[in-house]
Amino acid sequence: MNLLCCNVYETKTKRASHLRASVRHNFNGKQMHTCKYILGNKFPISGYCLFGQKLYFCLKYQISRQMNKRGFVSKILQNFRKPEGFFGRMILWGMNTGHASLAQWGMSCLQWQPEWSVLDIGCGGGANLLQILQRCPQGKAYGIDISPESVTFARKKNKKYLGTRCFIEQGGVHRLPYPDYAFDAVTAFETVYFWGNLQHAFTEVARVLKPGGSFLICCEISDPANKAWTGLVEGMEIHSCDELKAILSKSGFTDTAIFRTKKEELCLVSHRQTVRL
């Protein structure tokens, strides 16, 4: 994947309004073609984009001096929390590509078993569900997300396995629609930022895990002092490693293993107490 610095702007034609991303610079020295997408409204925007298999649209914005667009930009950024509509689908494309390396690293911290039944909370674009199915070839993968847009997107991503080995539905972590002791493992990639009451959420995760089952939490940001995104995305809260570990211990989990990279990336693998709650 290449990180490209782009100007993103929109022009009006008689037939439709088009959003164009014209590349100014490619860090690898390769020139990319202009990308065009249909959009309904007219807003000149500047920002940064990621180009890989899909366009990871608008990771960071520069507010144009030509007009006051703060409300518009803020609305787009909320798609990182709950994707909706056109920009939500662009964010989901980007999540599947931009978070791939983080997810691969996080998954490598867990000892997978081929017959496992696994729940991915906040399944987003569904790429991680596909990885889980590959790691558990005799098992099943379940996904849940609060966003209807994410559910639709993830179902398309995993349509080959839907109804047989993959099951995706809308819902939230505080009231999981699954019976007690349903899963061998639960995963949460880039999502605990938005869970609010973590002890309540973790206790609900423990409820659906089998005794001894694994809970994998993977975060790209783990320093609460890092305010780069929390001031832009409503309801986003960064949790430190110590905070997450302490809340896990209060929620029915034990034997928490901690994995880090040189950056802020953090992965915790904790296990549900063997004594049934």
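Residues numbered from 1 in each chain as written. Predicted model: local features only at pLDDT ≥ 70, side-chain atom pairs only at ≥ 80, totals over all residues. Heavy atoms only, no water.

Enquirer: For this particular structure, what's the right way to read unusual backbone geometry?
Expert: If a residue is not glycine, its phi is most likely negative; likewise, a peptide bond is most likely trans. Positive phi is not limited to glycine here, since Y181 has a value of about 60°. Mapped onto the fold, Y181 is located in the loop between β8 (166-170) and β9 (183-189). Residue class for Y181 comes out partly exposed when judged on its relative accessible area of 24%. Within the chain, E190 stands out as a residue other than glycine whose phi angle is a positive 55°. For E190, the location among the structural elements is in the loop between β9 and α6 (198-208). According to the relative accessible area criterion, E190 is buried, its value standing at 16%. (Helix = DSSP H or I, 4+ residues; strand = E, 2+ residues; numbered from the N terminus. Buried < 20%, exposed > 50% of the residue type's maximum accessible area, 1.4 Å probe, protein only.)

Enquirer: What exactly am I supposed to notice about the state of the cysteines here?
Expert: By definition, a disulfide links the sulfur atoms of two cysteines through a covalent bond. Within this structure, the stated rule accounts for zero disulfides. Of all cysteine sulfurs, the one in C123 lies closest to C166, which takes part in no disulfide; the gap is 8.2 Å. Not part of a disulfide, C218 finds its nearest cysteine sulfur in C267, a span of 4.8 Å. By relative accessible area, which is 0% here, C218 ends up buried. (Disulfide = S-S within 2.5 Å.)

Enquirer: In this structure, what is going on with the nonpolar core? I would like to understand it.
Expert: Across soluble globular proteins, nonpolar side chains have a tendency to be buried as a group. Membership of the largest hydrophobic core comes to 41 residues, with the highest contact counts inside it found for L119, I121, V186, W195, F202, V205 and F215. Element by element, the count of residues in this core is highest for α6, at six residues. If we ignore the near neighbours within four places in the chain, the residues touching V205 are I121, V173, L176, V186, W195, F215 and F253. With 24 residues, the next largest nonpolar core counts W116, L133, F189 and L216 among its residues. (Core = buried A, V, L, I, M, F, W, Y, C linked by side-chain atoms within 4.5 Å. Contact = heavy atoms within 4.5 Å.)

Enquirer: I keep staring at the pairing of β8 and nothing clicks. Help me out?
Expert: Remark: a regular strand shows side chains that alternate across the two faces of the sheet. Alignment of strand β7 (residues 140-145) against β8, held across five bridges, turns out to be parallel. Note on β8: the bridge partner recorded for D145 is Q170. Crossover β7 to β8 through helix α5 (residues 148-157) is right-handed. (Pairing = 2+ DSSP bridges. Right-handed = clockwise from strand over helix to strand, strands pointing away.)

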